[in-house]
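Here's the letter readout for the chains.
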Amino acid sequence: MDTTFNIFDFLTPKGMTQFIDERATVRQALEKFDAHKFSVVPVIDKDGNYINTIAEGDLLRFIKNECHFDIKVAETKTIDTIERYRSYEALSINCSEKEVLKLSLSQNFIPLIDDRNKFIGIVKRSDIISFLLKKYRLNYI
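Residues numbered from 1 in each chain as written. Predicted model: local features only at pLDDT ≥ 70, side-chain atom pairs only at ≥ 80, totals over all residues. Heavy atoms only, no water.

**A few points about the packing of helix α1 (residues 26-36) against helix α2 (residues 56-67)**
Move 1: Their axes nearest at 11 Å, the elements α1 and α2 cross at an angle of 140°. Judged by the angle between their axes, α1 and α2 are oblique. Crossing handedness for the pair α1 and α2: left-handed. Between α1, through Val26, Ala29, Leu30 and Phe33, and α2, the contact on the second element is made entirely by Glu56, Leu59, Phe62 and Ile63. (Axes fitted to C-alpha atoms, helices over the stretch in contact; angles between N-to-C directions. Helix = DSSP H or I, 4+ residues; strand = E, 2+ residues; numbered from the N terminus. Parallel < 35°, antiparallel > 145°, perpendicular 65-115°, else oblique. Left-handed = near helix turned anticlockwise from the far one by under 90°. Contact = heavy atoms within 4.5 Å.)

Written out as structure tokens, the structure is:
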């Protein structure tokens, strides 16, 4: 069994992931989170560049502190105005296995960017764990 590391083996392409445009309103972000049941989503700009991530907690704090639970206000505020508690670090397609493993310890997915900073997809922690199980010929639990 070949278990050589190749980042493209782990890539979930942009077209198969959920992401949010940085100009989306808070309400649009809430609707995306609700529809897809994610807790963190990548944020990209109009040119497809990776900006950061936004989490449910970021939205909730903003709604509580800035919108005062008023959905009409949430329809006028864009997510680029929301303070982030923590943003997921992205890696380049040229990253090493060590970089991926290290970052997967603290993020449940890793945004992947090309050499122009364009968001090309994500690497899921579950795919990394599956790779390691195969690499070390461990049986699934």
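Picking up where we left off.
**A few points about the nonpolar core**
Move 1: If you look at the biggest cluster of nonpolar residues, it comprises 15 residues, and the most contacted ones within it are Ile20, Val26, Phe33, Ile54, Leu59, Ile79 and Ile82.
Move 2: Of all the elements in the fold, those that place two or more residues in this core are α1, β3 (40-44) and α2.
Move 3: In terms of residue count, the dominant contributor to this core is α2 (four residues).
Move 4: Ignoring sequence-local partners within four residues, the contact set of Phe33 consists of Ile20, Phe38, Ser39, Val40, Val41, Ile54, Ala55, Glu56 and Leu59.
Move 5: Counting residues in hydrophobic clusters, the runner-up holds 11 residues, among them Ile7, Val100, Leu112 and Val123. (Core = buried A, V, L, I, M, F, W, Y, C linked by side-chain atoms within 4.5 Å. Buried < 20%, exposed > 50% of the residue type's maximum accessible area, 1.4 Å probe, protein only.)

**Quick notes on the pattern of salt bridges**
Move 1: Following the criterion strictly, the structure yields seven salt bridges and no others.
Move 2: In this structure, the salt-bridge partner of Glu75 is Arg27, at a minimum N-O distance of 2.3 Å. Of this pair, Glu75 sits in the loop between α3 (71-74) and β5 (91-92) while Arg27 sits in helix α1; the two residues are 48 residues apart in sequence, bridging distant segments of the chain.
Move 3: According to the relative accessible area criterion, Glu75 is partly exposed, its value standing at 31%.
Move 4: Judged by relative accessible area, Arg27 falls into the partly exposed class, the value being 31%.
Move 5: A salt bridge links Lys37 to Asp34; the shortest N-O distance between them is 3.4 Å. Asp34 matches Lys37 in its accessibility class, with the two residues each being exposed.
Move 6: Among the ionic contacts, a cluster of salt bridges with common partners joins Arg27, Glu31 and Glu75. (Salt bridge = Lys/Arg side-chain N within 4 Å of Asp/Glu carboxyl O.)

**Considerations on α2**
Since the α-helix turns once every 3.6 residues, residues separated by three or four places project in the same direction.
Move 1: Taken together, the buried positions of α2 are Asp58, Leu59, Phe62, Ile63 and Cys67. Relative to the axis of α2, the buried residues are bounded by an arc of 130° and lie together on one face.
Move 2: In the stretch just after α2, His68 is the one whose phi turns positive, near 50°. (Arc of directions from axis to C-beta.)

**Some details on unusual backbone geometry**
Move 1: Phi at Lys37 takes a positive value of approximately 60°, unusual for a residue other than glycine.
Move 2: If you trace the backbone, Lys37 turns up in the loop between α1 and β3.
Move 3: Owing to a relative accessible area of 63%, Lys37 belongs among the exposed residues under this scheme.
Move 4: Its identity as a non-glycine residue notwithstanding, Phe69 has a phi of 65°, on the positive side.
Move 5: Position of Phe69 among the secondary structure elements: in the loop between α2 and α3.
Move 6: Exposure remark for Phe69: the relative accessible area of 65% places this residue in the exposed category.

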